[in-house]
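# Topology and contacts: notes
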Amino acid sequence: MSQKPDITDLTICRAAFAAWVFVYYLDLHLRFSQALGPFSALIAHGYMGIDGFFILSGLILLHTHREFDAIATGYFDVEFRWPSPGAVLRFYAKRLARIYPVHLATILILLALLACGALGAVPQVQQRFGIATLAKSLLLAQGWGTDHFEALNYTAWSISTEWAGYLLFPFFALILTYFIREVSVQIIIMVFPLLGLIYFFSGRTLNLAFSAGLLRFFLEFLSGMAAFRIAAAVADHLFVRRLFLGGGATLVFFGSATGADLVTVLGLWALIFGFYLQADAQRPPVLGRRPVLHFLGLLSYCFYMSFAIAELFTVQVFRHFGWQPMDEKLFFAALVTGITFILAVLLRSFVEQPCRRAIDRWLQTVQATSPAAATEKPQSLF
């Protein structure tokens, strides 16, 4: 019922998106993009890497969880089916195990740094470490338009929006797979004008987080799901694959270089879709077999979640010794990068992977010991 979500090109994309966001955050401290001339906007708009994650998430979830297809082939005709309650609960359990343990671990590390005094420094934003913010972070609701003081781990705002998408995913999947593919085409056509309205009324930017992050997320998440629905119809056409890959890369570069976020997100969608078409056509990865980049893609979630900790620690070290990041750019960047990478490896090895394996074993045990679960089938409406 489920397929392995690991597609080499898309996993490498995850590494690229995480790196793009990471360099953007570094540049907020170091302003090195100013020396890049016409390419400075590529760094200054690195927050668009998050949009790539949103699109990718919708596509991969629908690719992986075929148990939420609304239409099944019966003996005589097609039939509409509801996903079983057990399938929905298993989905939520696996998704929560995917994101929450690392999220909780980063919160505990940040609280530990605060308890130790963070080398004697006081947080610049007191509300970031308040009880209300902690509660919202623990509930994965800090990115739902309720907290304008960031969060304990401010990068996790996007993870809370992902969780909102996970909660509604079974419903979205049911709707999208019930209607013919042309409806998904119409959804894609509608998504980008709606994003355009958000872009226009937000001051010509899609850099929306706590206040309007859900608007940005759901439109892009749905565009990724809709992309999966139409992929099989065009994947075997080489010209179409090349058109989306080449056009997407061009739009991403042009949109980022000119600061046109709407063009960038359109390019990200086209590029991701092109990579998925290549995989759906069972062709070799466009980017080739790159073990190092593939590993970095698998590490991307933990890497993304570790930055705020590395940043806080490094900033406090600099303050303690009276150093300025702008005067020691290479050292600041190297220290933040090194801490982020080491922490990401530790989180993946000792938190993310063990927790995911544990929930898989638990779900298998529940299914094996429950006769109802073992024989459970999706419920047909007819």
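None of the values given here were measured: they were computed from a predicted structure.

## Structural notes on the pattern of salt bridges
Within the structure shown, the criterion is met by five salt bridges. Between lysine 94 and aspartate 360 there is a salt bridge whose closest N-O contact spans 2.6 Å. Of this pair, lysine 94 sits in helix 4 (residues 85-115) while aspartate 360 is found in helix 12 (residues 329-369), placing the two residues 266 residues apart along the sequence. Between glutamate 352 and arginine 348 there is a salt bridge, with the nearest N and O atoms lying 3.8 Å from each other. Remark: arginine 348 and glutamate 352 occur in helix 12; sequence separation between them is four residues, near one turn of the helix. On the basis of relative accessibility, which here comes to 13%, the residue arginine 348 falls in the buried class. Residues participating in the shared-partner salt-bridge network are Arg98, Arg348, Glu352 and Arg356.

## Concerning a nonpolar patch on the surface
Taken together, the side chains of Val292, Leu293, Phe295, Leu296, Phe341, Ile342, Leu346 and Phe350 present a nonpolar region at the surface, about 750 Å² in accessible area. Sorting the residues of the nonpolar patch by element identifies helix 11 (291-321) and helix 12 as the ones contributing at least two each. Structurally, phenylalanine 350 is set in helix 12. Accessibility expressed as a relative area gives 63% for phenylalanine 350, which makes it exposed.

## Describing the confidence of the model for the protein chain
Here the protein chain averages 89 in pLDDT, and 88% of its residues register 70 or above. Least confident of the elements in the protein chain is strand 3 (residues 379-380), whose mean pLDDT is 44; most confident is helix 10 (residues 261-280), at 97.

## Comments concerning the packing of helix 11 against helix 12
Two elements in contact, helix 11 and helix 12, have axes whose closest approach is 6 Å; the angle formed by their N-to-C orientations is 130°. Overall, the two elements helix 11 and helix 12 adopt an arrangement that is oblique. In the packing of helix 11 onto helix 12, the handedness of the crossing is right-handed. A per-class count over the contact of helix 11 with helix 12 returns 23 nonpolar, three polar and two charged.

## Remarks on the packing of helix 6 (residues 157-178) against helix 8 (residues 213-234)
The N-to-C vectors of helix 6 and helix 8 enclose an angle of 40°; their axes lie 10 Å apart at closest approach. With respect to each other, helix 6 and helix 8 are oriented oblique. The interaxial crossing formed by helix 6 with helix 8 has right-handed handedness. Contacts between helix 6 and helix 8 pair Trp157, Thr161, Glu162, Ala164, Gly165, Leu168, Phe169, Phe172, Ala173, Leu176 and Thr177 from the former with Gly213, Leu214, Arg216, Phe217, Phe218, Phe221, Leu222, Met225, Ala226 and Arg229 from the latter. Here the residues of the contact of helix 6 with helix 8 are counted per class, giving 14 nonpolar, four polar and three charged.

## Some points on the side chain of threonine 161
Take threonine 161: it is sitting in helix 6. By relative accessible area, threonine 161 is classed as buried at 0%. Dropping the residues within four chain positions of it, threonine 161 is found in contact with Phe54, Gly143, Trp144, Gly213, Leu214 and Phe217.

## Details of unusual backbone geometry
Notably, leucine 140 is not glycine yet its phi reads approximately 55°, a positive angle. Position of leucine 140 relative to the elements: it lies in the loop between helix 5 (131-138) and helix 6. Even without glycine at this site, arginine 204 takes up a positive phi of about 60°. The residue arginine 204 is located in the loop between helix 7 (181-201) and helix 8 in this model.

## Observations concerning the packing of aromatic side chains
Scanning the entire structure with this criterion turns up 32 aromatic pairs. On the basis of an interplanar angle of 15° and a centroid distance of 5.2 Å, the ring pair of tyrosine 25 and phenylalanine 307 is categorised as stacked. A residue pair is termed long-range when its members are at least 10 positions apart, and tyrosine 25 in helix 1 (residues 8-30) and phenylalanine 307 in helix 11 qualify at 282 residues. For the pair phenylalanine 54 and tryptophan 157, a centre-to-centre distance of 6.1 Å together with 85° between the ring planes defines the contact as edge-to-face. Remark: tryptophan 157 occurs in helix 6 and phenylalanine 54 occurs in helix 3 (residues 49-64); sequence separation between them is 103 residues. Every member of this aromatic cluster is reached through a ring pair, and the members are Phe22, Tyr24, Tyr25, Tyr47, Tyr154, Phe303 and Phe307.

## Details of helix 1
Between its terminal C-alpha atoms helix 1 stretches 33 Å, which fits the 33 Å expected from 23 residues at 1.5 Å a residue. A positive phi of about 55° marks arginine 31, the residue just after helix 1.

What counts as what
- Note that residues are indexed from 1 along each chain, following the sequence as it is written.
- Only residues with pLDDT of 70 or above have their local features reported here, since the model is predicted, and side-chain atom pairs are shown and tallied only from 80 upward, although totals for entire chains, interfaces and linings are computed over all residues.
- Only hydrogens and water are set aside; all other atoms, that is, all heavy atoms of the structure, feed into the side-chain values.
- Any Lys or Arg side-chain nitrogen found within 4 Å of a carboxyl oxygen on Asp or Glu counts as a salt bridge.
- Helix and strand definitions here come from DSSP, where helices need a minimum of 4 consecutive H or I residues and strands a minimum of 2 consecutive E residues; each element is numbered from the N-terminal end.
- Buried residues are those whose accessible area, probed at 1.4 Å on protein chains only, stays under 20% of the maximum for their type, while exposed residues exceed 50% and partly exposed ones sit between those limits.
- Patch definition: residues above 30% relative accessible area lacking any salt bridge, with like charges linked at up to 9 Å and the nonpolar side chains Val, Leu, Ile, Met, Phe, Trp and Tyr linked at up to 5 Å.
- For the area figures, the Shrake-Rupley method with a 1.4 Å probe applies, and any residue is considered shielded solely by the protein chains shown.
- The quantity called pLDDT is the predictor's confidence in a given residue, expressed from 0 to 100.
- Axis definition: a line fitted to C-alpha atoms, limited for helices to the stretch in contact. Angles are taken between N-to-C directions and run from 0 to 180 degrees.
- Under this scheme an angle from 65 to 115 degrees is roughly perpendicular, one under 35 degrees roughly parallel, and one over 145 degrees roughly antiparallel; angles in between are oblique.
- Crossings are sorted by hand: turned counterclockwise from the far helix by less than a right angle, the near helix makes the crossing left-handed, and turned clockwise it makes it right-handed.
- Just so you know the grouping, Ala, Val, Leu, Ile, Met, Phe, Trp, Tyr, Cys and Pro go in nonpolar, Asp, Glu, Lys and Arg go in charged, and all remaining residues, Gly too, go in polar.
- We call two residues in contact when some of their heavy atoms are within 4.5 Å.
- Only Phe, Tyr and Trp rings take part, Trp by its six-membered ring, and two of them pair if their centres are within 6.5 Å. Stacked means planes under 30 degrees apart, edge-to-face means over 60, and tilted covers everything else.
- Here the expected span of a helix is defined as 1.5 Å times the quantity of residues minus one.

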